[in-house]
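# Residue-level structure breakdown
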Amino acid sequence: MHNAIPLSLAALMAVAIIVIGCFYLVSPERMTGSFGLKPPASDADTRAWLRLKGIRDVVSGLVVLTMMATTDTRSVGIALLVEAIVPLGDMSIVLGSDGSKSRAFSIHGVTCAVMLVVGLLLIHAI
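The structure reproduced in this document is the subject of the present report. Every value quoted in this text rests on a predicted model; they were computed, and no experiment measured them.

Parameters and conventions
Residues numbered from 1 in each chain as written. Predicted model: local features only at pLDDT ≥ 70, side-chain atom pairs only at ≥ 80, totals over all residues. Heavy atoms only, no water. Salt bridge = Lys/Arg side-chain N within 4 Å of Asp/Glu carboxyl O. Helix = DSSP H or I, 4+ residues; strand = E, 2+ residues; numbered from the N terminus. Buried < 20%, exposed > 50% of the residue type's maximum accessible area, 1.4 Å probe, protein only. 1 Å grid on protein atoms, 1.4 Å probe; cavity = no way out; pocket = protein on both sides within 12 Å on 5 of 7 lines; lining within 4 Å. Points joined across faces, edges and corners; volume = space filled by probe spheres on them. Nonpolar A, V, L, I, M, F, W, Y, C, P; charged D, E, K, R; others polar.

Across all of its chains, the model carries 4 salt bridges by this definition. Here Arg-47 and Glu-29 are joined by a salt bridge, their closest N and O atoms 3.3 Å apart. With Arg-47 in helix α3 (residues 44-70) and Glu-29 in helix α2 (residues 28-31), the pair connects residues that are 18 residues apart, well separated along the chain. Its relative accessible area of 23% is what places Arg-47 among the partly exposed residues. Accessibility expressed as a relative area gives 37% for Glu-29, which makes it partly exposed. With its nearest N and O atoms 2.8 Å apart, the salt bridge here joins Asp-90 to Arg-56. Taken together, the positions of Asp-90 in helix α5 (residues 85-96) and Arg-56 in helix α3 put the pair 34 residues apart, joining distant regions of the chain. Using a relative accessible area of 7% as the deciding quantity, one classes Asp-90 as buried. Each of Lys-53, Arg-56, Asp-57 and Asp-90 takes part in salt bridges that share partners, so that together they form one network.

Below, the structure written as structure tokens:
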């Protein structure tokens, strides 16, 4: 029972990033400004790059769900710690590109922090 809340949070984060990734795949034009950078040109090349982000997001979520279904909570926690590099990198890119500071911290920074906390809770759960 001690692992129920962190595992639920891990599952929620995994499903949420899969849904976000699907939006980037299906409707990249709709998602152009959501990342925190200046909206790019709406052309075929830009849509292709945005879909790359969508694939990355879907796979990130599937990794966590797969780990939850096939291994122990400690391994799920380790996977979350490793995957926390993605939102940290996204935050760094937005900040380094004169993007929206509020989105950098509120979307990417908070995501990274939650992943780290949940990952550590799962690693240290008894």
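Below, the discussion takes up the layout of surface pockets. If you roll a probe as big as a water molecule over the atoms, it shows you where there is empty space left. The space that makes up the largest pocket amounts to roughly 430 Å³. Lining the largest pocket are 24 residues; nearest its centre among them are Ile-17, Ile-20, Asp-57, Pro-87 and Thr-111. Elements represented by at least two residues in the lining of the largest pocket include exactly α1 (4-26), α3, α4 (73-83), α5 and α6 (101-124). Residue contributions to the lining of the largest pocket peak at 7 residues, all from α1. In terms of residue class, the lining of the largest pocket is built from 14 nonpolar, 5 polar and 5 charged.

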